[in-house]
Amino acid sequence: MPVRRLDPETLVLEGHCPVEDAEALLRLLSATPDACVDWRGCESAHAALVQILLATGARRRGPPAGPFLRSFVDPALDAASPNASLCRSGS
Amino acid sequence: MNDLLQQFLVESRELVAQATDDLLALERTPGDAARFDSAFRAFHTLKGAAGIVDFDAMARALHAAEDALARGRGAPMPPAHVGDYLSCLDQVIQWLDHLEASGAPPADAEARADLLVRRFAEAAATPGDAAGDAADDTEADLWVDGLLAAAGEARAQARTALRLRPAEDCFFRGDDPLAVIETLPGLLVLRLEPAGPWPPRDEIDPFACRLVVLALLSAPEATLASHLHTVHGQMDVVPLSPAGPQDTAPSALPAAARALLEAQLALLSDRGAEAAAGRIASAGRLAENVLRRVGAAAAAEAVARAAAASAAAGDPGPLAAAIRQALAGATQAPAATDAPRAAAMADTARTLRVDVARIDALVKLTGEVTVAKNAVGHIARLAQTGTDLPALAARLKDQHALLARLTDELQSAVLNLRVLPLRHVFQRFPRLVREISADLGKPVRLVTEGEATEADKAVVEAVFEPLLHVVRNALDHGIEPPARRSAAGKPAVATLRLHAARQGERVVIAVADDGGGIDLPRVRRIAAERGVAGAEAVAALSDAEAIDLIFRPGFSTAETVTGLSGRGVGMDAVRAALARMGGSVAVDSRTGHGTTVRFTLPFTVMVTRVMTVEAGGQAFGIPMDAVVETVRVPRGRIVRVGAAAAFTLRERTVPLLSLARELGGPADGTASAEAQVVVIGTDGQIGGFEVDRLGERLDVVLQPMDGILTGMRGIAGTTLLGDGRVLLVLDVQEML
Amino acid sequence: MSCTVLIVDDSKLARMSVAKSLRSLHPDWTHLEAANADDALAQVRKHKVDLALLDFNMPGRDGLTLAAELKAIDPSLPLAVVSANHQEEIIRKAQEIGAVFLAKPLTEKVLAEYLSGAASRRNAAAKE
């Protein structure tokens, strides 16, 4: 499954995340609002998932693997919520 | 041209005709659901057709029109919208004409599609409120500024700004708006914004799209079109001019932009001290937006710098100067709209769309001609060996008969290539009639019949102008104002009928109105007043002859010169135009019941190339086929042989005729030292015509002789010269 | 295995375009054309048809109505309804009838994917 909980503080987005995963991502984020989303292994994500990241202001650990996500989406999310704190690496 | 494109042109023209018909019907009965559905389907299918042939600009324009139609479904169609849709169809016709003529869409298709898209968007945003448009435009483009501000260095490369507001249910429809953005060429910057405040986390619907996607691209707008119509939702695309030398040249400012800039100047010149900083900021920002919007990027930059200087100094001077410079550097927008159309028409005259079946027929004939040629070659070889001459003669005769038949077929096949349906002309009239009728306040129903009637391409193309003139006349003078029609017991809505039919080798086009008919007493009075003919002569004319007065030069029945038909060209110009095509015009009028103007045109136009010569003060045409050469012969070398004369040309005796005398003119008493001679050859015979002067070479359309010239020996026909003179074309064969 | 595809569209241009893609994808397949629902029904009664592509937007009966009528004649006939408008209602109705929804203009890629799927289903059904 591209979206899963690694540990109580970390959610992982991996590979290609289709639109259906938006619901799972939102559910996991609602259960653990402070969890960090690690999308370093994410190749692509449907706009619905990107929207969840934007709407929840979730903390992210990146940069993501996919070039479009890395070069355009990640900076766009940064710009949209400049105050969202990033996850410290290695946690 | 491939067969898909061929079919595209045919089908699109039919769809335009269908949609036009439906729209005009909707204008009469705005709530007609069946007509609405039919129009909607026509626009929809047109859009699909454009998609199939990858004509993106057309697909985009029609998509906008279809969206606008969809928004208006279920409500009566406002008349203003009918005009928008008709304009869109008119643009489509122009595109089709261009495509047909040149095989490719015109270069400005994208820009024109933009105009239409914007027009439909505006109609949707501010129904009936034109005044708000300009302000809305600048307001709407604030997002562009934000995007550019965030772009940093990428700003310099940005050619297009894009805002995508996907429909809330777009995820359900299978769209991924970001995946679409990813495919766009030249993506520079992406920004994501919420469409509104987000709800609390546990109330978020993960499958309702509430994203606004903003992007800056280095690709021009035109290259994006094919990627963009896959997304559901609202899309704003704003072209940005690249900063660079090409736009330092002053560009024309649209009137709305000028007005806005001038308003900012007025605002700045208001010397009241209060809130000067606010005024500078607002005027600077608006002026910059306006300039960027119209593509004057360099001027926009200058204004932005001046605004900063003004703000820093608290003095509106620098900003006002910059705005004035922007205004001065830009001239009034030229009326460029007619130029592309004129160019397209010029193109049309040189190229031709040909039905594939007709080409096939030609290819088949070419094959048969090749077979006949080979057969003749074989016979020639047999003749060299000297075998059985009578048998060879018989075979040669057969082949000659075959070649004669093939030549005839080739000739008619080639003539058929030049055939077009009159639909090309007729389909321009619904919109024109609608406009003229609105201008005049005379409601008119246009009926067209026989659009499929074919005629020579040259005829179809040349008939538009005279036809338009007659249609204008009918609306202007023929059809009465509604009140007078009602008083006369006629329906208030007049009927104008455009009818075409083939009659043997002729094509007849009729323009019939159900107006008041030609006011003959008035025609007689005016003709006498204007000196078109003497008062007594006018009084002596029968009614049928009196109608003919309207074709005389100098006659115009308009009491006041209107913008429509009072253009200094009367029915005499119509008659001359038709004569040039080898046709004629006749009028039939019944007082109180209407007028019918009938054009009779040749189905095919046989163009003959002639050399014009002058002899005995008259201009003659000699078919170029027959001209061998022109020589000057010293009088001393002309030998009299009894009553006849001859001279020697390269050891051959050539009989010399005086053209003027041959045609019954005065005997020429020329005392020139040399005779100007045109040497003619036909069917192995040779002869010379002495003429006074050689003229130009012309392509003319020959008309058979009529009236007093019928039976005149040696004349093949007449044609009308550009200056109105009649040119007699010689029948050389008969004269030698 | 060679298939016979019925192309139903009131636009000859659209039929030509699909036929062209079809020829390049499957040169050995044959196709039939119909300009409206009645023509389509006549073709299906006269010929063995393995697949049908139906335009949604046609004068008279639309592609969905026709799809239902064709299913009544041959419930195993693979159908696709083609439309330039991705209206959810059309997509849903197409699925209810058992037809696939395809977006217009039909690209060769989309057509290829649909054809390979539909043809294999048809062949599997024929073997049963």
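Residues numbered from 1 in each chain as written. Chains lettered and ligands numbered in written order. Predicted model: local features only at pLDDT ≥ 70, side-chain atom pairs only at ≥ 80, totals over all residues. Heavy atoms only, no water.

Chain C appears in an unreviewed UniProt entry as Response regulator receiver domain-containing protein from Aquabacter spiritensis.

Chain B appears in an unreviewed UniProt entry as Chemotaxis protein CheA from Aquabacter spiritensis. Looking at the Catalytic activity (unreviewed entry) heading of the UniProt record, one finds this comment for chain B: "ATP + protein L-histidine = ADP + protein N-phospho-L-histidine." Under Function (unreviewed entry), UniProt gives the following word-for-word description of chain B: "Involved in the transmission of sensory signals from the chemoreceptors to the flagellar motors. CheA is autophosphorylated; it can transfer its phosphate group to either CheB or CheY." (UniProt positions renumbered as here; feature names shortened; annotations may be inferred.)

A. The UniProt feature "modified residue: 4-aspartylphosphate" (unreviewed entry) in chain C, seen in detail. All names here are of chain C. Cross-referencing UniProt, the feature "modified residue: 4-aspartylphosphate" (unreviewed entry) maps to Asp55 in the present numbering. Structurally, aspartate 55 can be placed in strand S3 (residues 51-55). Sequence-distant contacts of aspartate 55, that is, excluding residues within four places in its chain, are made with Val8, Asp9, Asp10, Gly63, Val82 and Lys104. (Helix = DSSP H or I, 4+ residues; strand = E, 2+ residues; numbered from the N terminus. Contact = heavy atoms within 4.5 Å.)

B. Spatial organisation of the confidence of the model for chain C. Model confidence for chain C is summarised by a mean pLDDT of 86, while 91% of its residues fall at 70 or above. The ipTM value of the predicted complex is 0.93, and its pTM value is 0.42. (pLDDT = per-residue confidence, 0-100.)

C. Main features of the environment of asparagine 473 of chain B. Its location among the elements puts asparagine 473 of chain B in helix H20 (residues 464-478). Here the alpha-carbon distance between asparagine 473 of chain B and methionine 571 of chain B, two residues 98 residues apart in the chain, equals 9.2 Å.

D. Representation of the interface of chain A and chain B in the model. Taken residue by residue, the interface counts 26 residues in chain A and 25 residues in chain B. Among the residues of chain A in contact with chain B, Gln51, Phe68 and Phe72 of chain A are the three that bury the most area, contributing 30% of the side total. Taken together, chain A and chain B are joined by zero salt bridges. The tally of links between chain A and chain B comes to five residue pairs in polar contact (both at pLDDT 80 or more). Of all the elements in the fold, those that place two or more residues in the side of chain A that touches chain B are helix H1 (21-31), helix H2 (47-56) and helix H3 (67-80) of chain A. (Buried area = accessible area lost by both parts, 1.4 Å probe. Salt bridge = Lys/Arg side-chain N within 4 Å of Asp/Glu carboxyl O. Polar contact = N/O pair within 3.5 Å; in protein donor to acceptor, adjacent residues only side chain to side chain.)

E. Layout of the sheet that holds strand S4 (residues 79-83) of chain C. Residues and elements named next belong to chain C. Ordered by their spatial adjacency, five strands build an open sheet running S2-S1-S3-S4-S5, and the pairing between neighbours is parallel. A single partner strand is all that each edge strand has here, and the edge strands are strand S2 (30-34) and strand S5 (99-103). On average, each strand axis in the sheet is tilted by 20 degrees relative to the strand beside it, whichever way the strands run. In this structure, S3 lies alongside S4, joined through four bridges in parallel fashion. Among the inter-strand pairings, aspartate 55 is bridged to a residue of S4, identified as valine 82. Contacting S4 and S5, helix H4 (residues 88-97) crosses the sheet at an angle of about 150 degrees to S5. (Pairing = 2+ DSSP bridges. Axes fitted to C-alpha atoms, helices over the stretch in contact; angles between N-to-C directions.)

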